[in-house]
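# Residue-level structural notes
Spelled out, the chains give:
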Amino acid sequence: MVQADTAKTGQGGAGRRDTGAGTWRAGIRRAIRTASRPGPWKRGPVLAALALLLGLLMLLHAKIPNGIGGIGSLVETFLPWFGLFIPVLLAGALWRRSASAVVALLLPVLVWLNLFGGLLGDKSHPGGDLTVVSHNVGADNPDPAGTARDLAATGADLVALEELTPQARGTYEKGLAKAYRYHTVQGTVGLWSKLPLTDIRPVDTEMDAGPLGATKPADVKLAYNRALRATVTTDHGSLAVYVAHLGSVRVTPRTGFWTDSRDRNAQALGKAVAAEKNKRVVLLGDLNGTTDDRAFAGITAQLHSVQDAAGDGFGFSWPAKFPVARIDQILVRGVQPESSWVLPATGSDHLPVAAGISW
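Residues numbered from 1 in each chain as written. Predicted model: local features only at pLDDT ≥ 70, side-chain atom pairs only at ≥ 80, totals over all residues. Heavy atoms only, no water.

### A closer look at the overall build of the protein chain
A count of helices and strands for the protein chain gives 13 helices and 14 strands. Looking at the protein chain as a whole, 44% of its 359 residues qualify as buried. Of the contacts made within the protein chain by residues no fewer than 6 positions apart, 71% connect residues no fewer than 24 positions apart. For the protein chain, the exposed area adds up to about 18500 Å²; of that, 61% sits on carbon and sulfur atoms. (Helix = DSSP H or I, 4+ residues; strand = E, 2+ residues; numbered from the N terminus. Buried < 20%, exposed > 50% of the residue type's maximum accessible area, 1.4 Å probe, protein only. Contact = heavy atoms within 4.5 Å. Areas by Shrake-Rupley, 256 points an atom, 1.4 Å probe, with all protein chains shown as cover.)

### What about the environment of D122?
Mapped onto the elements, D122 comes out in the loop between α6 (106-116) and β1 (130-136). Between the C-alpha atom of D122 and that of S340, which follows or precedes it by 218 residues, the distance is 9.6 Å. When sequence neighbours within four positions are dropped, the list of residues in contact with D122 reads G311 and D312. Among the polar contacts listed, one links the side chain of D122 to the side chain of S124, at a separation of 2.6 Å. (Polar contact = N/O pair within 3.5 Å; in protein donor to acceptor, adjacent residues only side chain to side chain.)

### A few points about the sheet that holds strand β12 (residues 328-333)
Across a sheet, paired strands are connected by hydrogen bonds in the backbone, their directions being either parallel or antiparallel. Strand order across the open sheet formed by six strands is β5-β6-β7-β10-β12-β11, with mixed pairing between neighbours. In this open sheet, the two strands that pair with only one neighbour each are β5 (197-202) and β11 (304-305). The pairing of β5 with strand β6 (residues 227-234) spans four bridges and is antiparallel. Across the sheet, T198 pairs through a bridge with T231, a residue of β6. (Pairing = 2+ DSSP bridges.)

### Quick look at the confidence of the model for the protein chain
Model confidence for the protein chain is summarised by a mean pLDDT of 91, while 88% of its residues fall at 70 or above. Within the model, pLDDT remains below 50 along residues 1-11, and this stretch shows zero contacts once partners closer than five positions in the same chain are excluded. (pLDDT = per-residue confidence, 0-100.)

### Brief notes about the pairing of strand β3 (residues 182-186)
In terms of strand pairing, β3 meets strand β4 (residues 189-193) through five bridges, oriented antiparallel. Considered in β4, the bridge of T184 is made with L191.

### Observations regarding the pattern of salt bridges
One pass over the full model with this rule turns up seven salt bridges. R169 is paired through a salt bridge with E173; the nearest N and O atoms lie 3.1 Å apart. Of this pair, R169 and E173 both sit in helix α8 (residues 166-176), four residues apart, roughly one helical turn. Residue class for R169 comes out partly exposed when judged on its relative accessible area of 35%. Between R262 and D263 there is a salt bridge; the shortest N-O distance is 2.9 Å. No difference in accessibility class separates R262 from D263, as the two residues are buried. Within the structure, one salt-bridge network assembled from shared partners comprises D199, R201, R229 and E276. (Salt bridge = Lys/Arg side-chain N within 4 Å of Asp/Glu carboxyl O.)

### Focus on helix α7 (residues 144-152)
Restricting attention to buried positions, one finds in α7 the residues P144, G146, T147, A148 and L151. On its buried face, α7 is in contact with β1, β2 (158-162) and α8.

### Focus: the nonpolar core
A general tendency of soluble globular proteins is for nonpolar side chains to be buried together. One finds L191, V241 and I330 to be the most contacted residues of the largest nonpolar core, which totals 22 residues. Of all elements in the fold, only β1, β2, β4, β6, β7 (237-245), β10 (281-286), β12 and β14 (353-358) reach the threshold of two or more residues within this core. Setting aside chain neighbours within four positions, we find V241 in contact with L158, L191, L228, R229, A230, V232, V282 and L284. By size, the runner-up hydrophobic cluster in this structure holds 19 residues, among which are A48, I86, A104 and V111. (Core = buried A, V, L, I, M, F, W, Y, C linked by side-chain atoms within 4.5 Å.)

### Things to note about a nonpolar patch on the surface
Nonpolar side chains collect at one region of the surface, where W41, V103, L106 and L110 lie side by side and expose about 460 Å² of accessible area between them. Relative to the elements of secondary structure, V103 occurs in helix α5 (residues 99-104). The class of V103 is partly exposed, set by a relative accessible area of 42%. (Patch = residues over 30% accessible without salt bridge, like charges linked within 9 Å, V, L, I, M, F, W, Y side chains within 5 Å.)

### Focus: the sheet that holds β14
Strand order across the open sheet formed by six strands is β3-β4-β2-β1-β14-β13, with mixed pairing between neighbours. The sheet is open, and its two borders are formed by β3 and β13 (336-342), each paired with just one other strand. The sheet shows a mean angle of 15 degrees between the axes of neighbouring strands, direction not considered. (Axes fitted to C-alpha atoms, helices over the stretch in contact; angles between N-to-C directions.)

Right under this line is the structure:
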């Protein structure tokens, strides 16, 4: 009995020693795992890299080559929307508890705020000497009469229309005749005014390129002309007004973001504005692109966006059902922008845009 008790006691002591050693080894393993686990500055390297790439993309957007499928212009068209990636990356950084990714996100945040932070507030001022409206009424507009009534109801002093068709032209002329004494239509663009119009002429935006285009007679070209220039006489002096509808852009598998005709039109329009002798100029129209797009450098170097100067928000105008870009522009020089806003939808796939300006 004594020997048995002694054996049992010995076995029990050994078991306790084994258990202590196992606990000690487990503690060592946990300490090693804890020490080898990456800290907050080493976590999320992919998220940090993506944040830096996003910031560099927005910062250096003008350096993105345009030769491969127009990728540069495509990025610049939707540049404000790249800011949506910031909260996505922030959520990932917080989930991974990555301090490096959070710090890296400072770059895209600062770049985006520098580019678009000024559009977040309302910079408009009440009043204005002249109210102007521009609207691509849409060739497939099912209710041109209703659109004309809506535009007349704005009370604007000047109304510019783009994408007028021969079938709908009479409807717009009839619907706007009572509110606007003066008007001109040059091809597919028109200008209605409460003030006298003089020195009216079409503007050649090089819709026809190459030798074949040069052989077309003037009356054939005028039928589908897409830009005009007129002088508006005001109490404060004359004002040169341009109305333009630049070429369309397309996204195709073969060409990517195709902007050839639009870019050619933009360059020609920029030259026309550069040759303008009147110090006061207003450009109204569907430019089929945003002012961030490099294609409009020749225009934006001379004229300034009223939305940027005196708007409330981004002023997206297309497509009407869910606007994602402001391609309908009001640009000025020699006058003071007071306000800029987007009007309610009509039967067009574009929203009308309006602005108040002063001398």
